[in-house]
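# Architecture at a glance
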Amino acid sequence: MTQDRPPAPRSGPITVFFVRHGETPMHAENRYVGRTDAPLTERGQAQAADLGEWASAARLTAVASSTLRRARETAEPAARKAGLTPLLDERLVELDFGAAEGLSAAEMRERFPRERAAFEADPYDNPLPDGEAPAAALARGRAALDELADGSHGDRVLVVAHGTLLRIVVCDLLGIPPRTYRTVLPVIRNASGAVLRRDRAGHWGLVAWNPPLAAGTDTW
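Predicted, not measured: the structure shown is a model, and the values here were computed from it.

### Some points on the overall build of the chain
Along the chain, the regular secondary structure elements total eight helices and six strands. N-terminal to C-terminal, the α/β element order of the chain is β-α-α-β-α-β-α-α-α-β-α-α-β-β. Taking 220 residues into account, the globule formula puts the C-alpha radius of gyration at 17 Å, and the chain, at 17 Å, falls close to it. The dimensions of the chain, computed from C-alpha atoms along their principal axes, are 50 × 40 × 30 Å.

### Description of the pattern of salt bridges
Summed over all chains, the structure comprises 15 salt bridges. Here E107 and R31 are joined by a salt bridge, their closest N and O atoms 2.6 Å apart. Remark: R31 occurs in the loop between helix 1 (25-28) and helix 2 (42-55) and E107 occurs in helix 4 (residues 105-111); sequence separation between them is 76 residues. R91 is the partner of E147 in a salt bridge, and the nearest nitrogen-oxygen pair spans 3.0 Å. Of this pair, E147 sits in helix 6 (residues 134-148) while R91 sits in the loop between strand 3 (87-88) and helix 4; the two residues are 56 residues apart in sequence, bridging distant segments of the chain. E147 gets classed as partly exposed once you look at its relative accessible area, which sits at 41%. Residue class for R91 comes out partly exposed when judged on its relative accessible area of 26%. The network of salt bridges with shared partners includes E29, R31 and E107.

### Here we look at the layout of surface pockets
Counted as a void, the largest pocket has a volume near 610 Å³. For the largest pocket, the lining is made up of 23 residues, of which R20, H27, N30, Y32 and R167 are closest to its centre. Secondary-structure elements contributing two or more residues to the lining of the largest pocket are helix 1, helix 5 (113-121), helix 7 (163-173) and helix 8 (181-184). By residue number, the principal contributor to the lining of the largest pocket is helix 7, which donates three residues. Residues belonging to the lining of the largest pocket are distributed by class as follows: 10 nonpolar, five polar and eight charged. There is about 180 Å³ of room inside the second largest pocket. If you go around the second largest pocket, the residues you meet are Q47, D50, R189, N190, A191, S192, P211, P212, L213 and A214. Among the residues forming the lining of the second largest pocket, the class breakdown is five nonpolar, three polar and two charged.

### Overview of the packing of aromatic side chains
Aromatic ring pairs are defined here through the distance separating the ring centres and the angle between the ring planes. Tallied over the entire structure, the rule returns three aromatic pairs. Connected via pairs of aromatic rings, a cluster forms that spans F17, W54 and W220.

### Details of the nonpolar core
V16, F18, L128, L145, V159 and L196 are the most contacted members of the largest nonpolar core, which has 39 residues in total. At the level of secondary structure, the elements contributing two or more residues to this core comprise strand 1 (14-20), strand 2 (62-65), helix 6, strand 4 (156-161), helix 7 and strand 5 (193-198). Looking at which element gives the most residues to this core, the answer is helix 7, with seven residues. If you look at the next biggest cluster of nonpolar residues, it comprises 19 residues, including V19, A79, L158 and L213.

### Details of the sheet that holds strand 5
Strand order in the open sheet formed by six strands is 3-2-4-1-5-6, and the pairing between neighbours is mixed. A single partner strand is all that each edge strand has here, and the edge strands are strand 3 and strand 6 (204-209). Those strands touched by helix 7 are strand 1, strand 4, strand 5 and strand 6, and its axis lies near 145° from that of strand 1.

### What to know about empty space enclosed by the protein
Under the counting rule described, the total for this entry stands at one cavity of 30 Å³ or more. Space inside the largest cavity adds up to approximately 60 Å³. Lining the largest cavity are L95, D96, F97, F119, P123, P127, L128, G131, E132, P134 and Y181. A breakdown of the residues in the lining of the largest cavity according to their chemical character gives eight nonpolar, one polar and two charged.

### With respect to the pairing of strand 1
With seven of seven residues buried, strand 1 is to be regarded as a mostly interior element. Every second residue of strand 1 is oriented toward a common face, with I14, V16, F18 and R20 on one face and T15, F17 and V19 on the other, all of them buried. Strand direction decides the pairing type here: strand 1 and strand 5, joined by six bridges, are antiparallel. Along strand 5, the bridge assignment pairs I14 with R198. Inspection of the sheet shows strand 1 paired to strand 4 by six bridges, in the parallel sense. By the bridge assignment, R20 is partnered in strand 4 with A161.

Rules used throughout
- Residues numbered from 1 in each chain as written.
- Predicted model: local features only at pLDDT ≥ 70, side-chain atom pairs only at ≥ 80, totals over all residues.
- Heavy atoms only, no water.
- Helix = DSSP H or I, 4+ residues; strand = E, 2+ residues; numbered from the N terminus.
- Rg over C-alpha atoms; globule rule 2.2 N^0.38 Å.
- Salt bridge = Lys/Arg side-chain N within 4 Å of Asp/Glu carboxyl O.
- Buried < 20%, exposed > 50% of the residue type's maximum accessible area, 1.4 Å probe, protein only.
- 1 Å grid on protein atoms, 1.4 Å probe; cavity = no way out; pocket = protein on both sides within 12 Å on 5 of 7 lines; lining within 4 Å.
- Points joined across faces, edges and corners; volume = space filled by probe spheres on them.
- Nonpolar A, V, L, I, M, F, W, Y, C, P; charged D, E, K, R; others polar.
- Phe/Tyr/Trp six-rings, centres within 6.5 Å; stacked < 30°, edge-to-face > 60°.
- Core = buried A, V, L, I, M, F, W, Y, C linked by side-chain atoms within 4.5 Å.
- Pairing = 2+ DSSP bridges.
- Contact = heavy atoms within 4.5 Å.
- Axes fitted to C-alpha atoms, helices over the stretch in contact; angles between N-to-C directions.

In structure tokens:
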């Protein structure tokens, strides 16, 4: 899709606001939601509205989103306030959690205790039963983020995606073993996540983690 304004020429570092979507009914119950196309709760809609108010003053040059409904509904207020058309990218969708979809951690321990224990020990090399390999998700997510930060979309890009994909990709960008994503980055708030900066040589750095993105907050 095309943007409503031309991208700024790349003359310096690129700032990427890589955020998780707002709350869904399944997340409110601490259930795994991967490819289920869940909507936002009322609280999630309020989180998306707050992100939109932040975006009105954030000088964004592009807004990109996973194609899943919860991400699109989170990105749309921000894009509207910034005067941009969201760029939808299937590579930003959440991992497929297979047999774990819709379950809580406690329910997984009851239904497939061995597989859940292996996942907790090393979630990168031991995906949940019938789930997507995290390495495959990392490859697609990293490719999408690198393209969005190549300068062709300007220098301030909002990307709305999903919790597990986001943590795996951020670990990889920062040189952290992705298998540690659950311990190194245990909490990622709805409508927040990582403020990242890519320099002209292509090196990534973390500017902020889980910052408040609402009206009046720092826009980096």
